[in-house]
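# Geometric and topological summary
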Amino acid sequence: MIVLSGAYRLFFSFAALFAGTAIPIWLIYHAGLVERMNDPLLWHQHEMLWGYVPAAIAGFLFTAIPNWTGRPALGPKMVAALFGLWLTARIAMFAAPEGALSHTVTLAFLPIVALLALRELVTAGNRRNYVVAGVVLALGLAQAVFLLSDALLGLTLGFSLVFVLMMHIGGRITPAFSRNWLKKRDETNLPAAFGLVDQAAIGLSVASVASWIVFDTSAVTGLLASSAAIALVLRLSRWRGFAVTQEPLLFAQHAGYAWLPLSMALLALASLTDVANIGQVHHAIGAGAIGSITMITMLRALLGHSGRPIEGTRFDRIYLNFVHIGAVLRVTADWTGDPTHFYHLGGVFWSVAMICFFIRVFPIALSPRV
């Protein structure tokens, strides 16, 4: 079957469909219209961080690893088994979010993904990307902490690890794709090569999230996050984002990465002042950075691996903007007099963006390479 010929086909499409439906379900619970779950907030937190994100990660990893290593892609049976496990976990977590069987099924997914990825990387001697498999495995451990021990610590661990993963992947592909696009247009002013600014941004960001995990929202965390925000802005400014505005898929990568320094700035404010709260940090990373970076990465991969031009359409511009609008509304809601309306409006924009993305990519996932 064509749909099983690449992990990206099923995982990318259904990650978007799941996210686009999970948010409205959460909003219904948030409005108090249904009271089936004991703690719907924990379900919402878990499913967005350990439901949506792992699907995007699996689709990305098992699409990128053959390019990194030269080894064959996962076969249809393995793709079907992995997808079946992920889908079963989503159903189980909705039906019985506090059940031992649900926890067992959902906790199995990330370690399996990490070990399969590590097997391919080790076999090919691709040491450069061991860190990616390591972060995926650590994300699985964070999930275990969330479900079995300390939900708040697990959530902090999870957001910190995904932040590092987005910084790593976004920092690799954003300047590279922009450089290639500009070179084709005979531009000589290209994104800066990896250097001291990049090293400082990465080092300060890792130190910031490590402090967040160990010391929570302390003065140390605030000072480190402030420095990381500045360094990440400097890093992003060197990639010539405004030179690629004509290509929406490229500019969207820069816009998505911009949520990372914003997240660090909010973490600094939440740590040093009462101007921001940790929920805003979570949503800047989650709805903002994760939502936009995963969406654009999935879209580019689907277009490229299906043999289609990696070019944006007017429809792409609309739903990519909706993701950012939804994230902005949710993050800024707590600065308004009545945040509930902004919560719901932000959720509507964000979920509509994901459904539109599914409508855009699912026909591609079902079609042969052109």
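Our structure's up above, just so we're on the same page.
We now turn to the structure provided with this report. (Residues numbered from 1 in each chain as written. Predicted model: local features only at pLDDT ≥ 70, side-chain atom pairs only at ≥ 80, totals over all residues. Heavy atoms only, no water.)

### What about the pattern of salt bridges?
Under the convention used in this document: Salt bridge, as used here, is a side-chain nitrogen of Lys or Arg placed within 4 Å of a carboxyl oxygen of Asp or Glu. Numbering of helices and strands starts at the N terminus; helices are DSSP runs of H or I of at least 4 residues and strands are runs of E of at least 2. Relative accessibility thresholds used throughout: buried, under 20% of the residue-type maximum; exposed, over 50%; partly exposed, between the two (1.4 Å probe, protein chains only).
In the structure shown here, the tally under the stated rule is 8 salt bridges. A salt bridge links Glu47 to Arg90; the nearest nitrogen and oxygen atoms lie 2.6 Å apart. You can see Glu47 sitting in helix 2 (residues 40–69) and its partner Arg90 sitting in helix 3 (residues 76–95), a full 43 residues away along the chain. Comparing Glu47 with Arg90, the two get one shared label, buried. As a salt-bridge pair, Asp334 and Arg330 come within 3.9 Å of each other at their nearest N and O atoms.

### Some points on helix 4 (residues 100–124)
What counts, and what does not: Helices are assigned an expected span. That span is 1.5 Å times one less than the residue count.
Look at helix 4: 37 Å from first C-alpha to last across 25 residues, which is about the 36 Å you get at 1.5 Å a residue. A positive backbone phi angle near 70° is found at Gly125, which sits one or two residues after helix 4.

### A closer look at the side chain of Thr221
The condition is simple: In this description, contact between two residues means that some pair of their heavy atoms is separated by no more than 4.5 Å.
Along the polypeptide, Thr221 turns up in helix 8 (residues 219–237). When residues no more than four places from it in sequence are discounted, the contact partners of Thr221 are Ser208, Ser211, Trp212, Phe215, Asp216, Leu267 and Ser271.

### Side note on the environment of Pro363
On the secondary structure map, Pro363 appears in helix 13 (residues 339–366). In this structure Pro363 comes out as partly exposed when scored by relative accessible area, which is 49%. The spacing of Pro363 and Ser13 is 350 residues in sequence and 9.3 Å in space, taken between C-alpha atoms.

### Some thoughts on the side chain of Ser263
Looking at the element boundaries, Ser263 is found in helix 10 (residues 259–272). On the basis of relative accessible area, Ser263 is assigned to the buried category, the value being 0%. Beyond its immediate chain neighbours, meaning those up to four positions away, Ser263 contacts Phe163, Val281, Ala284 and Ile285.

### Here we look at helix 6 (residues 151–184)
It helps to recall that an α-helix has 3.6 residues per turn; residues three or four apart then point in one direction. Where we set the bar: Axes are fitted to the seven residues ending at a residue and to the seven starting at it; the angle between these axes is taken as the bend at that residue. N or O atoms within 3.5 Å of each other form a polar contact, as long as, within protein, one can give a hydrogen and the other can take it, and as long as residues adjacent in sequence are counted only when both atoms are side-chain atoms.
Spanning 34 residues, helix 6 covers 48 Å between terminal C-alpha atoms, matching the ideal 50 Å at 1.5 Å per step. A bend of about 30° at Gly170 is the largest found in helix 6. Where helix 6 begins, one side-chain oxygen reaches toward the backbone nitrogen of Leu152, 3.1 Å away; that side chain belongs to Asp150. Where helix 6 terminates, the next one or two residues include Asp186, which has phi positive at roughly 60°.

### Comments concerning a nonpolar patch on the surface
Note the threshold: Each patch is assembled from residues with relative accessible area greater than 30% and no salt bridge, linking like charges that lie within 9 Å and nonpolar side chains (Val, Leu, Ile, Met, Phe, Trp, Tyr) that lie within 5 Å. Exposure was quantified through the Shrake-Rupley algorithm and a 1.4 Å probe, taking into account, for residues, occlusion by the shown protein chains and nothing else.
Residues Ile28, Leu33 and Val34 make up a contiguous nonpolar surface patch of about 270 Å² in total accessible area. The topology assignment puts Leu33 in the loop between helix 1 (7–30) and helix 2.

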